[in-house]
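Inside the fold
The residues making up each chain are set out below.
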Amino acid sequence: MDRLTQLQQFIGKEFDQSPSPFMKWLNPIVVSAEEGHLEFQYTVRPEWLNPIGNLHGGVTAAIVDDIIGATMFSLNENSFVTTINNVIDYFSTAKENDNIVAETKIIKRGRQFVNAQCEIWNADKTRLIARGTSNLFKINN
């Protein structure tokens, strides 16, 4: 079974079969999965908060990095992809027990490099929480 099909089997469910232990800890629910485009939902947990009770910027950045990695997984390529850089812009906050949605898209898919974007929204997508872009490098196996 290809990787995209594996992701699609989890639509509406927790993606507990991820090869990434970190993604298992983040515990996303797969909302949609297409080649180069994923949408995951997360519930903000207490350990994800900063001292004033908002979603910690580091966790936000980790979600961006992790779901973009899964987006690379959806491309079904025979190469490992590593992140070169992440740039995150923060626009709003999320609180404990809020549901947030992370949505990705590929901006540029080259032979060696990929540029991808992730937006994190509140549950009904009326408030943008953060937007991140990443450059990734393909490492041939």
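Structure first, text after, so check above.
Residues numbered from 1 in each chain as written. Predicted model: local features only at pLDDT ≥ 70, side-chain atom pairs only at ≥ 80, totals over all residues. Heavy atoms only, no water.

As a further point, take the layout of surface pockets. The calculated volume of the largest pocket comes to roughly 520 Å³. Gly69, Ala70, Phe73, Phe80 and Val81 are, among the 22 residues lining the largest pocket, the residues nearest its centre. At seven residues, the largest contribution of residues to the lining of the largest pocket is made by helix H3 (residues 57-73). Looking at side-chain class alone, the lining of the largest pocket contains 12 nonpolar, six polar and four charged residues. (1 Å grid on protein atoms, 1.4 Å probe; cavity = no way out; pocket = protein on both sides within 12 Å on 5 of 7 lines; lining within 4 Å. Points joined across faces, edges and corners; volume = space filled by probe spheres on them. Helix = DSSP H or I, 4+ residues; strand = E, 2+ residues; numbered from the N terminus. Nonpolar A, V, L, I, M, F, W, Y, C, P; charged D, E, K, R; others polar.)

This next bit is on the packing of aromatic side chains. Two measures describe an aromatic ring pair: the distance that separates the ring centres and the angle between the ring planes. The full count for this structure, using the stated rule, is six aromatic pairs. Grouping aromatic residues by their ring pairs yields a cluster made of Phe22, Trp25, Phe40, Tyr42 and Trp48. Positioned over the ring face of Trp25 is Arg45, at 4.8 Å from the centre of the ring. (Phe/Tyr/Trp six-rings, centres within 6.5 Å; stacked < 30°, edge-to-face > 60°. Lys NZ or Arg CZ within 6 Å of the ring centre and 35° of its normal.)

The biggest cluster of nonpolar side chains holds 35 residues, and the ones touching the most others in it are Phe40, Tyr42, Trp48, Ile63, Met72, Ile100 and Ile120. Tallying contributions element by element places H3 first for this core, with seven residues. Excluding residues that lie within four positions of it along the chain, Ile63 makes contacts with Leu26, Tyr42, Trp48, Ile100, Ala102 and Ile120. (Core = buried A, V, L, I, M, F, W, Y, C linked by side-chain atoms within 4.5 Å. Buried < 20%, exposed > 50% of the residue type's maximum accessible area, 1.4 Å probe, protein only. Contact = heavy atoms within 4.5 Å.)

All right, on to unusual backbone geometry then. Look at Asn27: it is not a glycine, yet its phi comes out positive at around 60°. Among the secondary structure elements, Asn27 is positioned in the loop between helix H2 (21-26) and strand S1 (29-34). In this structure, Lys125 takes a positive phi of about 60° despite not being glycine. By the secondary structure assignment, Lys125 is in the loop between strand S5 (113-122) and strand S6 (128-140). Here Lys125 falls in the partly exposed class, since its relative accessible area comes to 32%.

Moving on, we get to the sheet that holds S6. Within the open sheet, the six strands sit side by side as S1-S2-S4-S5-S6-S3. Their pairing is antiparallel. A single partner strand is all that each edge strand has here, and the edge strands are S1 and strand S3 (79-90). Pairs of neighbouring strands in the sheet enclose a mean axial angle of 20°, with direction left out of account. By the bridge criterion, nine bridges tie strand S4 (residues 99-109) to S5 in an arrangement that is antiparallel. Bridge assignment links Ala102 to a residue of S5, and that residue is Ile120. (Pairing = 2+ DSSP bridges. Axes fitted to C-alpha atoms, helices over the stretch in contact; angles between N-to-C directions.)

This part takes up the pairing of strand S2 (residues 37-43). Of all the seven residues making up S2, five are buried; the element is thus mostly covered by neighbouring parts of the structure. One ladder, built from five bridges, connects S1 with S2; its direction is antiparallel. Counterpart to Val30 in the pairing with S2 is Phe40. Taking the residues that link successive antiparallel strands as the turn, the S1-S2 hairpin has two residues, and the phi of Gly36 there is positive, at about 80°. As paired elements, S2 and S4 share five bridges and run antiparallel to each other. Each bridged residue has a counterpart across the sheet, and for Gln41 the counterpart in S4 is Val101.

Structural measurements only, silent on function.
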